[in-house]
Amino acid sequence: MYLASLYIVLDLDPEIMVTDRDRVLRSLREKLKQKFSHRITVRADEEETSLAIALFDDNYERIKSRLDELHERVDAAGEARIRFHQGQ
């Protein structure tokens, strides 16, 4: 069984109102939950403007393809710069 986890910190303009930041996080969280349904857990931290994502799978190739798809989804949500680190 493999566990994959992502921690995504959004670098938003400080002038953006708190309610708008929360709305961005909720929207991104809901889009990811809709796409991957019950296969992932997504938590939003409004104070850090971040998302924590975790998923389990027994197939390494399948989990790797889901991680790639998650990166694409987050990248497509706006002008994101994603720094990728992989460990085992």
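Summary of the structure given here. Since we're looking at a predicted model, the values are computed, not measured.

What follows deals with the nonpolar core. Membership of the largest hydrophobic core comes to 17 residues, with the highest contact counts inside it found for Leu-32, Ile-40, Leu-51, Ile-53, Leu-55 and Leu-70. Among the secondary structure elements, those contributing two or more residues to this core are strand S1 (2–9), helix H1 (18–36), strand S2 (40–45), strand S3 (50–57) and helix H2 (60–76). Apart from the residues within four sequence positions on either side, Ile-40 is in contact with Leu-32, Lys-33, Ile-53, Ala-54, Leu-55 and Leu-70.

Moving on, we come to the side chain of Arg-66. Following the sequence through the fold, Arg-66 ends up in helix H2. Looking at Arg-66, its side chain comes within polar contact range of the side chain of Asp-57, at 2.7 Å. Those residues in contact with Arg-66 that sit more than four places away from it in its chain are Phe-36, Arg-39, Leu-55, Phe-56 and Asp-57.

What follows concerns the pattern of salt bridges. Throughout the structure, instances matching the rule amount to six salt bridges. Its salt-bridge partner being Glu-69, residue Lys-35 comes within 3.1 Å of it at the nearest N-O pair. With Lys-35 in helix H1 and Glu-69 in helix H2, this residue pair connects regions lying 34 residues apart in the sequence. A salt bridge links Asp-58 to Arg-62; its shortest N-O distance comes to 2.9 Å. A relative accessible area of 55% means that Asp-58 is categorised as exposed. The partly exposed category is assigned to Arg-62, whose relative accessible area is 36%. It is possible to trace a salt-bridge network through shared partners that takes in Asp-57, Asp-58, Arg-62 and Arg-66.

Reading the values: the criteria
Residues numbered from 1 in each chain as written. Predicted model: local features only at pLDDT ≥ 70, side-chain atom pairs only at ≥ 80, totals over all residues. Heavy atoms only, no water. Core = buried A, V, L, I, M, F, W, Y, C linked by side-chain atoms within 4.5 Å. Buried < 20%, exposed > 50% of the residue type's maximum accessible area, 1.4 Å probe, protein only. Helix = DSSP H or I, 4+ residues; strand = E, 2+ residues; numbered from the N terminus. Contact = heavy atoms within 4.5 Å. Polar contact = N/O pair within 3.5 Å; in protein donor to acceptor, adjacent residues only side chain to side chain. Salt bridge = Lys/Arg side-chain N within 4 Å of Asp/Glu carboxyl O.

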